[in-house]
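Coordinates in review
Here is how the chains run, residue by residue.
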Amino acid sequence: MPDSIRPAKPRVIITRELADSIHDRMAELFDVVPNLTDREFSRGDLIAAMADCDVLVPTVTDHIDAEMIASAPDRLKFIASFGAGVDHIDLAAARAKGIIVTNTPGVFTEDTADMTMALILSVPRRLSEGEKLMRSGEWEGWKPSGMLGHCIGGKKLGIIGMGRIGQAVARRASGFGMSIVYHNRRQLPPAVEESLNAGFVANLDDLIGDCDIISLHCPHTVDTHEMINATRIAMMKPSTYLINTARGDLIDENALIEALQQEKIGGAGLDVYQKEPAVDPRFLKLKNTVLLPHMGSATFEGREASGERVIANIRVWADGHRPPDQVLEGWL
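Being a predicted model, the structure only gives us computed values, none of them experimental.

**Here we look at the domain arrangement of the protein**
Examined at the domain level, the protein breaks down into domain 1 (11-103 + 299-319) and domain 2 (109-291). Inter-centroid distance (C-alpha atoms) of domain 1 to domain 2 is 32 Å.

**Considerations on the sheet that holds strand β9 (residues 213-216)**
The strand order β8-β7-β6-β9-β10-β11-β12 describes an open sheet built from 7 strands, whose pairing is parallel. Only two strands of the sheet have a single neighbouring strand rather than two, namely β8 (198-200) and β12 (289-291). Adjacent strand axes in the sheet meet at a mean angle of 20°, parallel and antiparallel pairs treated alike. Both strand β10 (residues 241-244) and strand β11 (residues 267-270) contribute to a ladder of 4 bridges, which runs parallel. Within β11, the residue paired with L242 across the bridge is A268. Those strands touched by helix α5 (residues 109-122) are β6 (156-160), β9, β10, β11 and β12, and its axis lies near 160° from that of β10.

**A look at the nonpolar core**
In this structure, I160, I228 and L256 are the most contacted members of the largest nonpolar core, which totals 29 residues. Listed by contribution, the elements that provide at least two residues to this core are α9 (204-210), β9, α11 (253-261) and β11. Per-element accounting of this core gives the leading share, 5 residues, to α11. Excluding residues that lie within four positions of it along the chain, I160 makes contacts with H183, L204, L207, I214, S215, L216, H217, C218, M227 and I228. Grouped together as the second largest cluster of nonpolar side chains are 25 residues, A113, M162, A173 and L188 included.

**Regarding the pairing of β11**
For a regular strand, side chains alternate in direction, first toward one face of the sheet and then toward the other. Of the two faces of β11, the one lined by G267 and G269 and the one lined by A268 and L270 are each fully buried. The β-α-β motif built from β10, the intervening α11 and the parallel element β11 has right-handed crossover chirality. Pairing analysis gives 3 bridges linking β11 to β12, with the strands arranged parallel. Of the residues in β12, the one forming a bridge with L270 is L291.

**Focus on the sheet that holds strand β4 (residues 78-80)**
Ordered by their spatial adjacency, 5 strands build an open sheet running β2-β1-β3-β4-β5, and the pairing between neighbours is parallel. Every other strand in the sheet has two partners, leaving β2 (31-33) and β5 (100-102) as the edge strands with one partner each. Direction aside, neighbouring strands of the sheet carry axes that sit 15° apart on average. Where β4 and β5 come together, 3 bridges link them in parallel fashion. Bridged to A80 within β5 is T102. Along the sheet, helix α12 (residues 300-318) contacts β1 (11-14), β3 (55-57), β4 and β5; its crossing angle with β4, the most-contacted strand, is approximately 160°.

**Topic: the UniProt feature "domain: D-isomer specific 2-hydroxyacid dehydrogenase NAD-binding" (unreviewed entry) in the protein**
Feature annotation in UniProt assigns "domain: D-isomer specific 2-hydroxyacid dehydrogenase NAD-binding" (unreviewed entry) to the following positions: residues 117-296. Within the segment residues 117-296, helix and strand shares are 32% and 16% respectively, and the terminal C-alpha atoms sit 10 Å apart.

**Thoughts on the pattern of salt bridges**
On inspection of all chains with the given rule, the structure shows 20 salt bridges. Here R11 ties to D52 by a salt bridge, and the two come within 3.1 Å at their closest N and O atoms. In this pair, R11 is assigned in strand β1 and D52 in the loop between α2 (43-50) and β3, connecting sequence segments 41 residues apart. According to the relative accessible area criterion, D52 is partly exposed, its value standing at 33%.

What counts and what doesn't
Residues numbered from 1 in each chain as written. Predicted model: local features only at pLDDT ≥ 70, side-chain atom pairs only at ≥ 80, totals over all residues. Heavy atoms only, no water. Domains from an automatic or database assignment. Pairing = 2+ DSSP bridges. Helix = DSSP H or I, 4+ residues; strand = E, 2+ residues; numbered from the N terminus. Axes fitted to C-alpha atoms, helices over the stretch in contact; angles between N-to-C directions. Contact = heavy atoms within 4.5 Å. Core = buried A, V, L, I, M, F, W, Y, C linked by side-chain atoms within 4.5 Å. Buried < 20%, exposed > 50% of the residue type's maximum accessible area, 1.4 Å probe, protein only. Right-handed = clockwise from strand over helix to strand, strands pointing away. UniProt positions renumbered as here; feature names shortened; annotations may be inferred. Salt bridge = Lys/Arg side-chain N within 4 Å of Asp/Glu carboxyl O.

Spelled out as structure tokens, the structure:
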């Protein structure tokens, strides 16, 4: 859009409720329409919003496909997504339409890595089971054979996807005395590997078959869809634990549930699911699984920082410049 017609105070529609401080700041800078009810937008709501704004601020719960983007009026020039992931937006369609897309990378790295480490600890040590036992009033006291789990010190952690979050997990896991290997599209520089005490495994199947704990940290793409399937679960050791704080669609949930029911693997720690907010009820009956409600990035500090990044991207764009967090071709 030429600078001469770029709105000085763009109309911005936000699809979910953000922090009060973010709403207040946006109201000062833009013609903003917040979603104070925090009701999730339907497809129709999204289409209507896209027809009535210069800038749309969606989140990971808003799936914006090629058809929606193609039908959007020319007024919509900018999708400033709240969050690091952009697999909920058809980037190719946005590029074809001339719509800029930004995200908020790096903001939730440490928070998500903390939650991943919490799951790495809680599943082998059966923390969720122990907490439920205490609340049930059925605990009969300490005994040598009570609530036995597995230590994580000395275990081999396999990280699939060694971006910001994967590396942050590696730093934490190293402090717990774990041996770390990783699989990534590209091998990291030797100096980075050395700093993380991490070794590269080129073949994903080799990593899956050799690790005690496997943690997923890659985006959802055509190539990664259900990458953890029945075949790969069968490669895991009976004592392997699977952790997922990335995207639910990385795992074939039917295959995982069957393996957990039959105790073919040690357990799983999940913060994301294939059909959120719906969760397969079979998961709820499993003792060897820790389930969280997609809360890996849920900190006051992180959510406010993400909102500030959204504001910065919109301001730079409104001033006629390329936003700092523009998602370029080949991001995935």
